[in-house]
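# Coordinates in review
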Amino acid sequence: MKKLSVFKPTLIVLFSLLTLAGCSEADVPKEGDKYTTIPTAIAQGDMAEVVEVFSLVCGHCRKMEEQIPAIEAITKVRTDKVHVVFNESAQLAAIIYYTAAMQSDDGVPDKALMSELFAAIQDSDKFMTKEFQPVLDQIFGSRGMASPYTLDEKQRETVFAQLQFSEELVEKSQLQSVPAFLVKGKYLVQSSNHKDIEDIANTINYLRTK
């Protein structure tokens, strides 16, 4: 018994270390589950370290938009945006988004404008019809911005370049669904595989230091 009592403090320390190690291992985001590594990294250029990949036609992206400030507060880094071009409706929505982005401070539309764009596209039966032009003209015109229908040649070239980049991102990342987050141009965070916003932010922070 005396021998056991001598080793007891050491055993307690060892068990404590094992317990801590177990918790730490469980908290590490697993590749293939919470994120994937893109085979060919995407050149970031002026793009932020963390980028939300989304679509204005996506209901889940609309909900995620409300959570971006919380993610930025936890990660302490600005989140940029890339609009996907999966299909015809997403392509039109991307043109609308990039028209707004290039005329916004820091290249990202403010919360009020994003809210209006989501609502105009998702809550109206005019999207993808001729009747949609007046809707956009009003949204953009009220802010002194050119609408997608009144862009000059240089502005159209800027939007087209953004569409090309979006297409490249989707192809290289083999992205299947949105919203998702691209970290450092090479890690794709699958938001649907996380339990909450804090979990997403923790994965982002982990990948920023990876």
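Let me sum up the structure you'll find in this document. Since the model is a prediction, treat every value here as computed from it, not as a measurement. (Residues numbered from 1 in each chain as written. Predicted model: local features only at pLDDT ≥ 70, side-chain atom pairs only at ≥ 80, totals over all residues. Heavy atoms only, no water.)

Burial along strand E4 (residues 180-183) is two-sided: Ala 180 and Leu 182 and Phe 181 and Val 183, pointing in opposite directions, are all buried. Strand direction decides the pairing type here: strand E2 (residues 50-54) and E4, joined by four bridges, are antiparallel. Looking at the pairing, Glu 52 lines up with Phe 181 of E4. Where E4 and strand E5 (residues 187-190) come together, four bridges link them in antiparallel fashion. Paired with Leu 182 across the strands is Leu 188, a residue of E5. The antiparallel pairing of E4 with E5 creates a hairpin that spans three residues between the two strands, and Lys 184 there sits at a positive phi of about 55°. (Buried < 20%, exposed > 50% of the residue type's maximum accessible area, 1.4 Å probe, protein only. Helix = DSSP H or I, 4+ residues; strand = E, 2+ residues; numbered from the N terminus. Pairing = 2+ DSSP bridges.)

This part is about the pattern of salt bridges. All chains considered together, the criterion is met by eight salt bridges. Arg 208 is paired through a salt bridge with Glu 49; the nearest N and O atoms lie 3.0 Å apart. Placement of Arg 208 in helix H8 (residues 197-208) and of Glu 49 in the loop between strand E1 (35-37) and E2 is noted, with a sequence separation of 159 residues between them. A residue is classified by how much of its surface remains accessible, and Arg 208, at 26% relative accessible area, is partly exposed. Given the relative accessible area of 27%, Glu 49 is considered partly exposed. Of the charged contacts in the structure, one is a salt bridge between Lys 111 and Glu 66, with a shortest N-O distance of 3.9 Å. (Salt bridge = Lys/Arg side-chain N within 4 Å of Asp/Glu carboxyl O.)

Bringing the side chain of Glu 65 into the picture now. Note on placement: Glu 65 falls in helix H2 (residues 59-65). Leave out the neighbours within four places in its chain, and Glu 65 touches Glu 52, Lys 81, Met 114 and Phe 118. (Contact = heavy atoms within 4.5 Å.)

With respect to the helices, strands and loops of the structure, Ser 55 is situated in the loop between E2 and H2. Residue classification places Ser 55 among the buried residues on the basis of a relative accessible area of 2%. A polar contact is formed between the side chain of Ser 55 and the backbone nitrogen of Val 57, at a distance of 3.2 Å. Among residues more than four places away in sequence, those in contact with Ser 55 are Cys 61, His 83, Val 84, Ala 90, Phe 118 and Val 178. (Polar contact = N/O pair within 3.5 Å; in protein donor to acceptor, adjacent residues only side chain to side chain.)

Below, the discussion takes up H8. Think of an α-helix as 3.6 residues a turn; residues three or four steps apart then line up on the same face. Over its twelve residues, H8 extends 17 Å from the first C-alpha to the last, a length consistent with the 16 Å expected when each residue adds 1.5 Å. For H8, the complete set of buried residues consists of Ile 197, Asp 199, Ile 200, Ala 201, Thr 203, Ile 204 and Leu 207. Among the structural elements, E1, E2, H2, helix H3 (68-75), E4 and E5 are those in contact with the buried residues of H8. Two or three places before Glu 198, at the start of H8, stands the capping residue Asp 196, its side-chain oxygen 3.3 Å from that residue's backbone nitrogen. (Expected span 1.5 Å × (residues − 1).)

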